[in-house]
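One-letter residues, chain by chain:
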Amino acid sequence: MNLLNTLVDKGLRRETPTREEALAVLATSDDDVLDVVAAAGRVRRHWFGRRVKLNYLVNLKSGLCPEDCSYCSQRLGSDTGILKYSWLKPEEASKAAAAGLAGGAKRVCLVASGRGPTDRDVERVAGTIAAIKERHEDVEVCACLGLLSEGQAERLRAAGADAYNHNLNTSEATYGDITTTHTYADRVDTVRKAHAAGLSACSGLIAGMGESDEDLVDVVFALRALDPDSVPVNFLIPVEGTPLAAEWNLTPQRCLRILAMVRFVCPDVEVRIAGGREVHLRTLQPLALHLANSIFLGDYLTTEGQAGRADLEMIADAGFEVEGADEVTLPAHRAAAGCGCGAHEGAGACGSHGGEGAGCGAEAGGAGCGGHAGAAGSTAAESAAAGADAARTDAARTDAARTDLVAVRRRGAGTDLAPNA
């Protein structure tokens, strides 16, 4: 397939695909999905080998959120039956983190519900970071606390945070349909604050909320422009009690196409399979490891994940290996620019990728962010019929969605039950 050969060549050169090419990946048929995975897998292996980075979530504060994000079980006024608790003490969070690290996790993600942290909250998180790093000196710590105010990113960096996560979630055009209590621009601003403070930026998306292919391509190109080191790809978990509870729009094949498109657009960036992989990829999860080089281990914030032991067995059985604490996640050219956890001291802050074709989102050298040089030729047209067939197949398969796979988390941090690590 000429499209895939072109995208592999561009991925190996860190060159941006055209929007038409990205759309054509999403429009490929189920018959071609293994070819798509194989092609994107070449790009993934070129930049990341067969390493899989493990990440572990610690939910510092659950529920009690004033925002109205339609996808979220912690949203304002939700009746989802999730655990609700205020801030964990540093020693409790450290104990929870230790469970994930014992399972092979390299990064701990500290998450708190809410619009954004107060200065007192930043102090709380700083204490938690100190407690974790006192026991685990080499662990990467990523904070995810919502919208940041001026100076808060710098304070988190000074406290020992390595990264900050804040997802764009969906396209700017449809963001107002998903959330009304803050804006898409607010989210972009927070990612930029994290970048400017020297934190490794982590920002991704949620697929399956009823968005179009164009929306998916829009948000991935916007992420490339922001140049995060890590792009988590979440697949909507339609939790009962949320406005999107009936949105079962994904099949395993659709998820694989989305991950492949993200890999082609951001070839040298950590692509992480995040929430919903167990629900939507199901038995095809091992194929997704050929596209993404990072996953979450065990449970998510408010829903149960696959058992940690099963994750490790899946990685080994698929021929991959867990990335070690002493290994640098990002490719050498990004690490040399001072990007990403484990990159050591470099020649500049994250995102300062000078030079030709310099990395995901780089604007130098003519291969930059959103640069639509060239044309897809007849590629998009050739894929249109197949795309229509794929859409019909996806729609038919979602009629038999496995809603019983959604399990609200009842264990781990904030409970007396051991976490699923």
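Residues numbered from 1 in each chain as written. Predicted model: local features only at pLDDT ≥ 70, side-chain atom pairs only at ≥ 80, totals over all residues. Heavy atoms only, no water.

Focus: the overall build of the protein chain
Moving on, step 1. The number of helices and strands found in the protein chain is 15 helices and 10 strands.
Moving on, step 2. When the 421 residues of the protein chain are sorted by exposure, 60% land in the buried category.
Moving on, step 3. Restricting to contacts in the protein chain with at least 6 residues of sequence separation, those with at least 24 account for 77%.
Moving on, step 4. Looking at the protein chain as shown, the accessible area adds up to about 15,700 Å², and 49% of this sits on carbon and sulfur atoms. (Helix = DSSP H or I, 4+ residues; strand = E, 2+ residues; numbered from the N terminus. Buried < 20%, exposed > 50% of the residue type's maximum accessible area, 1.4 Å probe, protein only. Contact = heavy atoms within 4.5 Å. Areas by Shrake-Rupley, 256 points an atom, 1.4 Å probe, with all protein chains shown as cover.)

Here's the deal with the packing of helix α2 (residues 19-26) against helix α10 (residues 252-265)
Moving on, step 1. Contact pair α2 / α10: the axes reach a minimum separation of 8 Å and the direction vectors enclose 155 degrees. On the basis of their axis angle, the class for α2 and α10 is roughly antiparallel. The interaxial crossing formed by α2 with α10 has right-handed handedness. Contacts between α2 and α10 involve Ala-22, Val-25 and Leu-26 from the first element and Arg-254, Arg-257, Ile-258, Ala-260, Met-261, Phe-264 and Val-265 from the second.
Moving on, step 2. A class-by-class count of the residues in the contact of α2 with α10 yields eight nonpolar, no polar and two charged. (Axes fitted to C-alpha atoms, helices over the stretch in contact; angles between N-to-C directions. Parallel < 35°, antiparallel > 145°, perpendicular 65-115°, else oblique. Left-handed = near helix turned anticlockwise from the far one by under 90°. Nonpolar A, V, L, I, M, F, W, Y, C, P; charged D, E, K, R; others polar.)

A few points about the environment of Val-269
Moving on, step 1. By secondary structure assignment, the location of Val-269 is in the loop between α10 and β8 (270-273).
Moving on, step 2. Val-269 sits in the buried class, given a relative accessible area of 0%.
Moving on, step 3. Once the C-alpha coordinates of Val-269 and Trp-47 are considered, the two residues, 222 residues apart in sequence, prove to be 8.5 Å apart.

A word on the confidence of the model for the protein chain
Moving on, step 1. Residues at a pLDDT of 70 or more form 80% of the protein chain, whose mean pLDDT is 85.
Moving on, step 2. Considering only residues more than four positions removed or in separate chains, one finds that residues 340-399, a stretch of pLDDT under 50, has 116 contacts. (pLDDT = per-residue confidence, 0-100.)

As for the pairing of strand β7 (residues 230-235)
Moving on, step 1. Most of β7 is tucked away, with six of its six residues classed as buried.
Moving on, step 2. Covered by surrounding structure in β7 are Ser-230, Pro-232 and Asn-234 together with Val-231, Val-233 and Phe-235, the residues of both alternating faces.
Moving on, step 3. Pairing geometry for strand β6 (residues 205-207) and β7, over three bridges, is parallel. Within β7, the position partnered with Ala-207 by the bridge is Phe-235. (Pairing = 2+ DSSP bridges.)

Some details on the pairing of strand β1 (residues 51-61)
Moving on, step 1. The buried fraction of β1 is high, at 11 of 11 residues.
Moving on, step 2. Two strands pair when backbone bridges link them, and β1 and strand β10 (residues 321-322) are joined in this way by two bridges, in the parallel orientation. Directly across from Arg-51, in β10, lies its bridge partner Glu-321.
Moving on, step 3. Inspection of the sheet shows β1 paired to strand β9 (residues 294-296) by three bridges, in the parallel sense.

Regarding the packing of aromatic side chains
Geometrically, a pair of aromatic rings is defined through the distance of the ring centres and the angle of the planes.
Moving on, step 1. A complete count under the given rule lists one aromatic pair for this structure.
Moving on, step 2. Between Tyr-175 and Tyr-184 the ring centres are 6.1 Å apart and the planes differ by 65 degrees, which places this aromatic pair in the edge-to-face class.
Moving on, step 3. The exposure class assigned to Tyr-184 is buried, which follows from its relative accessible area of 11%.
Moving on, step 4. Against the face of Phe-320 rests Arg-50, its NZ or CZ located 4.9 Å from the ring centre. (Phe/Tyr/Trp six-rings, centres within 6.5 Å; stacked < 30°, edge-to-face > 60°. Lys NZ or Arg CZ within 6 Å of the ring centre and 35° of its normal.)

A closer look at the environment of Val-217
Moving on, step 1. Along the chain, the position of Val-217 falls in helix α9 (residues 213-226).
Moving on, step 2. According to the relative accessible area criterion, Val-217 is buried, its value standing at 0%.
Moving on, step 3. Sequence spacing of Val-217 and Val-262 is 45 residues, and the spatial spacing of their C-alpha atoms is 8.5 Å.
Moving on, step 4. Beyond its immediate stretch of four places on either side in the chain, Val-217 contacts Arg-19, Ala-22, Leu-23, Leu-26 and Met-261.

Concerning the nonpolar core
Moving on, step 1. Formed by 91 residues in total, the largest nonpolar core has its most connected members in Val-58 and Phe-264.
Moving on, step 2. For this core, the element with the highest residue contribution is α10, accounting for nine residues.
Moving on, step 3. Not counting residues within four places of it along the chain, the set of residues in contact with Val-58 comprises Leu-88, Ala-93, Ala-96, Ala-97, Val-108, Cys-109, Leu-110 and Val-111.
Moving on, step 4. Grouped together as the second largest cluster of nonpolar side chains are nine residues, Cys-109, Cys-144, Ala-163 and Tyr-300 included. (Core = buried A, V, L, I, M, F, W, Y, C linked by side-chain atoms within 4.5 Å.)

Re the environment of Val-43
Moving on, step 1. By the secondary structure assignment, Val-43 is in helix α3 (residues 33-48).
Moving on, step 2. Linking Val-43 and Asp-268, residues 225 residues apart in sequence, is a C-alpha distance of 8.2 Å.
Moving on, step 3. In this view, Val-43 contacts Leu-7, Val-8, Gly-11, Leu-12, Arg-263, Phe-264 and Pro-267; residues no more than four positions away in its chain are not counted.

Observations regarding the state of the cysteines
Moving on, step 1. Under the definition given, this model contains zero disulfides.
Moving on, step 2. Cysteine Cys-144 shares no disulfide, and the gap to the nearest cysteine sulfur, in Cys-142, comes to 6.8 Å.
Moving on, step 3. On the accessibility criterion, Cys-144 (16% relative accessible area) is buried.
Moving on, step 4. The thiol sulfur of Cys-202 is not disulfide-bonded, and the nearest other cysteine sulfur, from Cys-142, lies at 5.0 Å.
Moving on, step 5. With a relative accessible area of 1%, Cys-202 lands in the buried category. (Disulfide = S-S within 2.5 Å.)

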